[in-house]
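# A closer look at the structure
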Amino acid sequence: MYKHNQNEHGYTLLIVLMISVIISIFAMVLIPKAMSTMKQVGKSETTSQSQDMAEMGVEYGYSFLQNIIKQARIEAKSTDPSLDDKNFCEKLTARLNATPFPQKKTMNENNKFSFQVRYSPTEGRTIVSKNNTTCDGFVSMKIPVLSTGNVEGKDSTSLTAYYVVDNKGDVLTTQPGQSKTPADPNSYPYETIRASEFKLAGQTSSALSRSTRFDGIVTISGNGVLSIGGNAWFNNLNTNSDISINFNGNNGIVIVSGNAYFTKRISLGGTGSNFICIKGDAYLYNSATKNWEWYTDVKEKAACPPTNQTVIDNAKYFYDINLWDINQNKLEVVY
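Below is a short write-up of the structure. For clarity, every value in this text was computed on a predicted model and none was experimentally measured. (Residues numbered from 1 in each chain as written. Predicted model: local features only at pLDDT ≥ 70, side-chain atom pairs only at ≥ 80, totals over all residues. Heavy atoms only, no water.)

Further remarks concern the pairing of strand 8 (residues 205–208). Here strand 8 shows a clear split, with S206 and L208 buried on one side and none of S205 and A207 buried on the other. As paired elements, strand 8 and strand 11 (residues 225–228) share four bridges and run parallel to each other. Directly across from S206, in strand 11, lies its bridge partner L226. (Buried < 20%, exposed > 50% of the residue type's maximum accessible area, 1.4 Å probe, protein only. Helix = DSSP H or I, 4+ residues; strand = E, 2+ residues; numbered from the N terminus. Pairing = 2+ DSSP bridges.)

Okay, structure coming up:
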């Protein structure tokens, strides 16, 4: 009986040893895999964090560029207003070349999280203009910015953001159709001319490089040329007059690079040689229905002179300087 118990104890010890060996073998196999998985999880987490930092750099780049654009607008408005688009493009280019991004931005005191934003003025920047090279007839500019996010020096993620600077005004490149529902002109920002009469005579020309509302009658005499960059609202408030614009002579031209609203009708006058060149939509207010309606006469009978390329170009490349900004809908981020 005593001998039988000794045998049982021996078997038990053998089983325990075998189980220990098996567990050790599994441990030798599984522990490295577990460690590798933990490292991968940690790396994935730091990669995600570094990507978040890089994306914060994109937001920072957006704000930084907006400030440069704002300063370029201010500088351009202080020079020849008839060349505001070209001036803006040139001022923006100069500021981009001369204003580097800060080298590094940290998110906490121990520098665990940071991002770096870089811009190379000679690589990747493209311009859309008359010749796609100079600022003459400027339309838009694409600016590439490299953003790199870092986490404790362990991992980094780089991406390239492409910011497009263009004009937010309602400026069209083709003649529109009549199906478009007009926006309320009160929804647009205007610089208002409150004089009872705005008059151009002889060879006089006036270029207003921003959306404008005229609260008095506009009179164009002789070869007078009125150019408006952006939207125009001819809103003659004089109750004794039923005319918004009066062409008093021949060869007068009104150019609007956005939409044009007429509270009252237009008197074309002359011998059919006066023109209203509107690149956007034209609307006439119907006081009976209190609605804005398509102004057919303006778009068809007094459209841009087809043989005068200078007039056509002025309408196509003349924008509201206050509305140059980054187009959020065209932001492209490449990972």
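Okay, the sheet that holds strand 11 next. Strand order in the open sheet formed by four strands is 8-11-14-17, and the pairing between neighbours is parallel. Two strands bound the open sheet, and with one partner strand each, they are strand 8 and strand 17 (275–278). Ignoring which end each strand starts from, the neighbouring axes of this sheet average 5° apart. (Axes fitted to C-alpha atoms, helices over the stretch in contact; angles between N-to-C directions.)

On to the pattern of salt bridges. Counting across every chain of the model gives five salt bridges. Close ionic contact of D215 with R194 constitutes a salt bridge, the shortest N to O distance being 3.5 Å. Of the two residues, D215 sits in the loop between strand 9 (212–214) and strand 10 (217–221) while R194 sits in the loop between strand 6 (191–193) and strand 7 (197–200), which places them 21 residues apart along the sequence. The class for R194 is exposed, based on a relative accessible area of 62%. Put simply, R213 and D215 hold a salt bridge, and the shortest N to O gap is 3.1 Å. One exposure class covers both R213 and D215, and it is buried. Among the ionic contacts, a cluster of salt bridges with common partners joins R194, R213 and D215. (Salt bridge = Lys/Arg side-chain N within 4 Å of Asp/Glu carboxyl O.)

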